[in-house]
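# Survey of secondary and tertiary structure
As a plain string of letters, each chain reads:
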Amino acid sequence: MKRILTKVLEFLGLYQYFYWQVRGKKGEVAVLNSGYSVDEFDKATEFHKNIYHKHLIEIVSEDTKICLDFGCGVGRFSKWLSEEFNLKVTGTDISFPLLKKAYRCPQVNYKNLYGTSLPFDDESYDMIFINLVLGGISEKKLLKISEELQRVLKKNGKLFLVENTANLNSSRKWFFRDENFYISLFKSLKIKKVEEYKEFNDTLSVFTGEKI
(Lines give C-alpha, C1' and ligand atoms only; values in the text may rest on other atoms or scores of the structure.)
Protein backbone atom coordinates (compact mmCIF):
# COMPACT_ATOMS: atom_id res chain seq x y z
CA MET A 1 0.00 0.00 0.00
CA LYS A 2 2.84 2.38 0.90
CA ARG A 3 4.55 1.65 -2.41
CA ILE A 4 1.37 2.39 -4.35
CA LEU A 5 0.86 5.66 -2.46
CA THR A 6 4.45 6.66 -3.21
CA LYS A 7 3.93 6.00 -6.93
CA VAL A 8 0.73 8.06 -6.93
CA LEU A 9 2.41 10.98 -5.16
CA GLU A 10 5.31 10.85 -7.62
CA PHE A 11 2.92 10.82 -10.56
CA LEU A 12 1.10 13.86 -9.17
CA GLY A 13 4.37 15.64 -8.40
CA LEU A 14 3.53 15.74 -4.68
CA TYR A 15 6.07 13.36 -3.22
CA GLN A 16 8.51 16.01 -1.96
CA TYR A 17 5.66 18.06 -0.50
CA PHE A 18 4.32 15.21 1.64
CA TYR A 19 7.83 14.01 2.49
CA TRP A 20 8.63 17.38 4.08
CA GLN A 21 5.35 17.51 5.97
CA VAL A 22 6.31 14.21 7.60
CA ARG A 23 10.02 14.91 8.04
CA GLY A 24 9.27 18.37 9.42
CA LYS A 25 7.59 16.78 12.45
CA LYS A 26 11.07 15.80 13.67
CA GLY A 27 11.68 19.47 14.41
CA GLU A 28 14.82 21.49 13.77
CA VAL A 29 17.08 18.46 13.25
CA ALA A 30 15.02 17.64 10.13
CA VAL A 31 16.92 20.31 8.17
CA LEU A 32 20.31 18.72 8.85
CA ASN A 33 22.19 15.87 7.23
CA SER A 34 20.90 12.64 8.81
CA GLY A 35 24.43 11.98 10.05
CA TYR A 36 23.89 14.53 12.81
CA SER A 37 22.19 13.65 16.06
CA VAL A 38 19.47 15.77 17.68
CA ASP A 39 22.02 17.14 20.16
CA GLU A 40 24.33 18.36 17.39
CA PHE A 41 21.97 20.93 15.85
CA ASP A 42 23.70 23.97 17.35
CA LYS A 43 27.17 22.61 16.56
CA ALA A 44 26.24 21.94 12.94
CA THR A 45 24.60 25.35 12.54
CA GLU A 46 27.68 27.15 13.87
CA PHE A 47 29.87 25.12 11.53
CA HIS A 48 27.77 26.26 8.57
CA LYS A 49 27.62 29.88 9.71
CA ASN A 50 31.40 30.08 9.99
CA ILE A 51 31.78 28.93 6.38
CA TYR A 52 29.01 31.12 5.00
CA HIS A 53 29.86 34.32 6.86
CA LYS A 54 33.14 34.99 5.06
CA HIS A 55 31.36 34.86 1.71
CA LEU A 56 28.28 36.77 2.79
CA ILE A 57 30.35 39.75 3.95
CA GLU A 58 31.69 39.93 0.39
CA ILE A 59 28.23 40.37 -1.15
CA VAL A 60 26.18 42.13 1.55
CA SER A 61 26.49 45.91 1.22
CA GLU A 62 24.75 48.94 2.69
CA ASP A 63 22.24 48.63 -0.17
CA THR A 64 21.31 45.10 0.92
CA LYS A 65 18.23 45.54 3.05
CA ILE A 66 15.64 42.90 2.13
CA CYS A 67 16.44 39.19 1.86
CA LEU A 68 14.47 36.12 0.78
CA ASP A 69 15.47 32.94 2.63
CA PHE A 70 14.06 30.37 0.22
CA GLY A 71 13.47 27.02 1.94
CA CYS A 72 14.13 28.43 5.39
CA GLY A 73 13.08 25.41 7.46
CA VAL A 74 12.95 26.53 11.10
CA GLY A 75 14.58 29.83 10.18
CA ARG A 76 17.98 29.11 11.68
CA PHE A 77 19.57 31.29 9.01
CA SER A 78 16.65 33.73 8.68
CA LYS A 79 17.16 34.93 12.25
CA TRP A 80 20.93 34.96 11.84
CA LEU A 81 20.82 36.95 8.60
CA SER A 82 18.52 39.47 10.22
CA GLU A 83 20.63 39.95 13.33
CA GLU A 84 24.11 39.60 11.84
CA PHE A 85 23.56 41.75 8.75
CA ASN A 86 20.60 43.90 9.85
CA LEU A 87 18.34 42.59 7.10
CA LYS A 88 14.59 42.36 6.80
CA VAL A 89 14.04 38.70 5.95
CA THR A 90 11.19 36.73 4.43
CA GLY A 91 11.58 33.03 5.17
CA THR A 92 9.59 30.62 2.98
CA ASP A 93 9.13 26.87 3.21
CA ILE A 94 6.73 24.13 2.11
CA SER A 95 6.74 22.39 5.49
CA PHE A 96 4.00 23.51 7.91
CA PRO A 97 5.61 21.67 10.87
CA LEU A 98 8.95 23.41 10.35
CA LEU A 99 7.42 26.86 10.06
CA LYS A 100 5.43 26.30 13.24
CA LYS A 101 8.76 25.83 15.05
CA ALA A 102 10.50 28.73 13.28
CA TYR A 103 12.54 31.18 15.35
CA ARG A 104 10.74 34.47 15.89
CA CYS A 105 12.51 37.75 15.32
CA PRO A 106 11.23 41.35 14.78
CA GLN A 107 12.69 41.66 11.27
CA VAL A 108 11.74 38.16 10.07
CA ASN A 109 8.42 36.97 8.73
CA TYR A 110 7.57 33.51 7.46
CA LYS A 111 5.38 32.32 4.64
CA ASN A 112 4.27 28.83 3.67
CA LEU A 113 4.70 28.24 -0.06
CA TYR A 114 4.05 25.36 -2.39
CA GLY A 115 4.19 25.30 -6.15
CA THR A 116 6.42 26.95 -8.71
CA SER A 117 5.19 30.55 -8.48
CA LEU A 118 6.33 33.08 -5.89
CA PRO A 119 3.74 35.59 -4.59
CA PHE A 120 6.17 38.50 -4.72
CA ASP A 121 6.49 41.47 -7.05
CA ASP A 122 9.23 41.74 -9.64
CA GLU A 123 12.55 42.85 -8.18
CA SER A 124 11.38 42.68 -4.56
CA TYR A 125 14.58 41.45 -2.93
CA ASP A 126 18.14 42.71 -2.61
CA MET A 127 19.42 39.22 -1.84
CA ILE A 128 18.24 35.61 -2.04
CA PHE A 129 19.69 33.04 0.35
CA ILE A 130 19.25 29.33 -0.46
CA ASN A 131 20.81 26.62 1.68
CA LEU A 132 20.44 23.00 0.54
CA VAL A 133 16.96 23.35 -0.91
CA LEU A 134 17.10 23.01 -4.69
CA GLY A 135 18.39 19.45 -4.53
CA GLY A 136 15.05 18.47 -3.05
CA ILE A 137 13.10 19.74 -6.08
CA SER A 138 12.51 17.84 -9.31
CA GLU A 139 14.10 19.33 -12.42
CA LYS A 140 10.79 20.15 -14.11
CA LYS A 141 9.66 22.27 -11.15
CA LEU A 142 13.13 23.63 -10.51
CA LEU A 143 13.41 25.29 -13.91
CA LYS A 144 10.27 27.31 -13.22
CA ILE A 145 11.28 28.10 -9.66
CA SER A 146 14.68 29.37 -10.79
CA GLU A 147 12.92 31.73 -13.21
CA GLU A 148 10.75 33.00 -10.37
CA LEU A 149 13.73 33.50 -8.07
CA GLN A 150 15.50 35.52 -10.74
CA ARG A 151 12.33 37.53 -11.34
CA VAL A 152 11.95 38.65 -7.72
CA LEU A 153 15.63 39.55 -7.33
CA LYS A 154 16.47 43.21 -7.97
CA LYS A 155 18.93 44.25 -10.64
CA ASN A 156 22.40 44.01 -9.10
CA GLY A 157 20.82 41.90 -6.35
CA LYS A 158 22.88 39.07 -4.88
CA LEU A 159 22.36 35.31 -4.71
CA PHE A 160 23.92 33.11 -2.03
CA LEU A 161 23.47 29.42 -2.80
CA VAL A 162 24.68 26.21 -1.15
CA GLU A 163 23.89 22.86 -2.76
CA ASN A 164 25.00 19.25 -2.53
CA THR A 165 27.12 18.49 -5.61
CA ALA A 166 28.36 15.06 -4.56
CA ASN A 167 28.65 12.48 -7.32
CA LEU A 168 25.99 10.20 -5.86
CA ASN A 169 22.85 8.52 -7.16
CA SER A 170 19.66 10.55 -6.82
CA SER A 171 16.65 9.24 -4.91
CA ARG A 172 13.01 10.24 -4.55
CA LYS A 173 14.03 12.54 -1.70
CA TRP A 174 17.12 14.20 -3.15
CA PHE A 175 18.50 14.94 -6.61
CA PHE A 176 22.29 15.14 -6.89
CA ARG A 177 23.51 17.58 -9.55
CA ASP A 178 26.95 18.92 -10.36
CA GLU A 179 28.12 22.50 -9.97
CA ASN A 180 27.72 23.30 -13.67
CA PHE A 181 24.02 22.49 -13.44
CA TYR A 182 23.48 25.15 -10.79
CA ILE A 183 25.64 27.70 -12.57
CA SER A 184 23.60 27.27 -15.78
CA LEU A 185 20.30 27.22 -13.87
CA PHE A 186 20.45 30.95 -13.10
CA LYS A 187 20.85 32.43 -16.55
CA SER A 188 20.41 36.08 -15.60
CA LEU A 189 22.99 35.90 -12.84
CA LYS A 190 26.73 36.08 -12.89
CA ILE A 191 27.26 33.09 -10.62
CA LYS A 192 30.48 31.45 -9.44
CA LYS A 193 31.55 28.75 -7.03
CA VAL A 194 33.47 30.25 -4.13
CA GLU A 195 34.05 27.26 -1.85
CA GLU A 196 33.61 23.52 -1.52
CA TYR A 197 33.49 21.61 1.75
CA LYS A 198 32.79 18.08 2.93
CA GLU A 199 30.09 16.92 5.31
CA PHE A 200 29.92 13.17 5.91
CA ASN A 201 29.71 11.66 2.38
CA ASP A 202 28.43 14.87 0.84
CA THR A 203 30.22 17.55 -1.16
CA LEU A 204 28.75 20.98 -0.52
CA SER A 205 29.38 23.78 -3.01
CA VAL A 206 28.95 27.44 -2.11
CA PHE A 207 27.99 29.82 -4.92
CA THR A 208 27.51 33.57 -5.08
CA GLY A 209 25.98 35.53 -7.92
CA GLU A 210 24.71 38.92 -9.01
CA LYS A 211 21.78 39.78 -11.26
CA ILE A 212 23.12 41.56 -14.32
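What comes next concerns the included structure. Just so it is clear, the structure is predicted and the values come from calculations on it, not from any experiment.

### Comments concerning the overall build of the chain
Helix and strand counts for the chain stand at 7 helices and 7 strands. Counting helices and strands in the order they occur from the N terminus, the chain gives α-α-α-β-α-β-α-β-β-α-β-α-β-β. By the compact-globule yardstick of 17 Å for 212 residues, the chain fits well, its C-alpha radius of gyration being 16 Å. Expressed along its principal axes, the backbone C-alpha trace of the chain runs to roughly 55 × 35 × 30 Å. Across the 212 residues of the chain, 52% fall into the buried class. Across the chain, every contact between residues at least 6 apart in sequence was considered, and the portion connecting residues at least 24 apart equals 68%. In the form shown here, the chain has an accessible surface area of approximately 11200 Å², with 51% of it arising from carbon and sulfur atoms.

### Observations concerning unusual backbone geometry
Look at Leu-132: it is not a glycine, yet its phi comes out positive at around 50°. By the secondary structure assignment, Leu-132 is in the loop between β4 (125-131) and α6 (139-152). Backbone geometry at Phe-200 places phi at a positive 55°, although glycine is not the residue there. In this fold, Phe-200 is placed in the loop between β6 (189-199) and β7 (202-211). Take Phe-200: its relative accessible area is 47%, and that puts it in the partly exposed class.

### Details of α6
Each full turn of the α-helix corresponds to 3.6 residues, which orients residues three or four apart in the same direction. Compared with an ideal rise of 1.5 Å per residue, which puts 14 residues at 20 Å, α6 spans 20 Å between its outermost C-alpha atoms and is within 8% of the ideal. Looking at the packing, one finds that the buried side of α6 touches β1 (66-70), β4, β5 (153-164), α7 (179-185), β6 and β7.

### Considerations on the pattern of salt bridges
Following the criterion strictly, the structure yields 8 salt bridges and no others. Between Glu-83 and Lys-79 there is a salt bridge, and its shortest N-O distance comes to 3.0 Å. Here Lys-79 and Glu-83 lie together in helix α4 (residues 76-85), a separation of 4 residues that amounts to about one turn. Across the pair Glu-179 and Lys-193 runs a salt bridge, and its minimum N-O distance is 2.8 Å. Here Glu-179, found in helix α7, pairs with Lys-193, found in strand β6; they are 14 residues apart in sequence, far enough to count as distant. One network of salt bridges, in which partners are shared, links Asp-122, Glu-148 and Arg-151.

Reading guide: rules and limits
- Residues numbered from 1 in each chain as written.
- Predicted model: local features only at pLDDT ≥ 70, side-chain atom pairs only at ≥ 80, totals over all residues.
- Heavy atoms only, no water.
- Helix = DSSP H or I, 4+ residues; strand = E, 2+ residues; numbered from the N terminus.
- Rg over C-alpha atoms; globule rule 2.2 N^0.38 Å.
- Buried < 20%, exposed > 50% of the residue type's maximum accessible area, 1.4 Å probe, protein only.
- Contact = heavy atoms within 4.5 Å.
- Areas by Shrake-Rupley, 256 points an atom, 1.4 Å probe, with all protein chains shown as cover.
- Expected span 1.5 Å × (residues − 1).
- Salt bridge = Lys/Arg side-chain N within 4 Å of Asp/Glu carboxyl O.

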